[in-house]
Amino acid sequence: VGSWRLATNLMIVFLVSGLWHGANWTYIVWGGLHGAFMVAALATSQVRDRIWGSLGPAALRVRPFVAGIVTFHLVTIAWISFRAASLADAGTVVTRIVAWADTGQPLSVAGFDSVEFVLAIAFVAMLERVQRLPLIGKGLSGREIFQLA
């Protein structure tokens, strides 16, 4: 299958997935974003592989962690439209996130104490590690464990 056909098929599948969740533009945008992320990932995979490869072996060990963080943020952004009552509401949420990030204000402005924020991140990282414990004893590499979990 050619790359254009693959991209088209991915977009169709994800747009239909959004429509399957409900007859609302917010769901279609949710599906479209996921499709666009997948198409972008496929389109840039060789470039990303070259960049990571040029950074050396230490960077390759960090790559799955960075990929997980990027994936988490992209999926979280897409879920804004899924949860929103309308596209206008989704736009308001995204605008407020960007506007808050642009102010340079500390986390406490958003209702977080910096200690609470660090503890929450540590808790999520611990949960991520715990879910992989059954795989660690099987002699798999870190990359294989990350892909299987």
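(A) Geometry of the overall build of the protein. Broken down by element type, the protein carries seven helices and zero strands. In sequence order, the secondary structure elements of the protein are arranged as α-α-α-α-α-α-α. Taken over 149 residues, the protein has a buried fraction of 16%. For the protein, the accessible surface area stands at approximately 10,900 Å², while carbon and sulfur atoms represent 70% of it.

(B) Seen up close, the packing of aromatic side chains. Counted by the stated rule, this structure contains four aromatic pairs. Between W79 and F82, the aromatic rings sit 4.4 Å apart at their centres with planes inclined by 65°, giving edge-to-face as the arrangement. One end of the pair, W79, and the other, F82, are both in helix α4 (residues 57-83), three residues apart, so they sit about a helical turn from each other. On the basis of relative accessibility, which here comes to 38%, the residue W79 falls in the partly exposed class. Through pairs of rings, three or more aromatic residues link up here, namely Y27, W30, W79 and F82.

(C) Examining the packing of helix α3 (residues 45-54) against α4 more closely. Relative to each other, α3 and α4 sit at 135°, their axes nearing to 8 Å. As summarised for this structure, α3 and α4 are arranged oblique, according to the angle between their axes. In this structure, α3 crosses over α4, and the sense of that crossing is right-handed. Between α3 and α4, the contacting residues are R48, D49, W52 and G53 on the first element and A59, L60, R63 and V66 on the second.

(D) Representation of the side chain of R63 within the structure. Its place among the elements puts R63 in helix α4. For R63, a relative accessible area of 13% puts it in the buried group. When neighbours within four sequence positions are excluded, R63 is seen to be in contact with R48, D49 and W52.

(E) Structural detail: the confidence of the model for the protein. This prediction gives the protein a mean pLDDT of 80; 73% of its residues lie at or above 70. Mean pLDDT across the secondary structure elements of the protein bottoms out at helix α7 (residues 142-148), with 55, and peaks at helix α2 (residues 25-43), with 94.

(F) Representation of helix α1 (residues 3-21) in the model. Between its first and last C-alpha, α1 extends 27 Å over 19 residues, near the 27 Å set by a 1.5 Å rise per residue. Here α1 has its buried residues at A7, L10 and G18. The buried residues of α1 occupy an angular sector of 70° when projected down its axis, which confines them to one face. Facing away from the buried surface of α1 by more than 90 degrees, the exposed residues are R5 and W20. Those residues of α1 that are buried lie in contact with α2.

Here is what the cut-offs are and how they apply
- Residues numbered from 1 in each chain as written.
- Predicted model: local features only at pLDDT ≥ 70, side-chain atom pairs only at ≥ 80, totals over all residues.
- Heavy atoms only, no water.
- Helix = DSSP H or I, 4+ residues; strand = E, 2+ residues; numbered from the N terminus.
- Buried < 20%, exposed > 50% of the residue type's maximum accessible area, 1.4 Å probe, protein only.
- Areas by Shrake-Rupley, 256 points an atom, 1.4 Å probe, with all protein chains shown as cover.
- Phe/Tyr/Trp six-rings, centres within 6.5 Å; stacked < 30°, edge-to-face > 60°.
- Axes fitted to C-alpha atoms, helices over the stretch in contact; angles between N-to-C directions.
- Parallel < 35°, antiparallel > 145°, perpendicular 65-115°, else oblique.
- Left-handed = near helix turned anticlockwise from the far one by under 90°.
- Contact = heavy atoms within 4.5 Å.
- pLDDT = per-residue confidence, 0-100.
- Expected span 1.5 Å × (residues − 1).
- Arc of directions from axis to C-beta.

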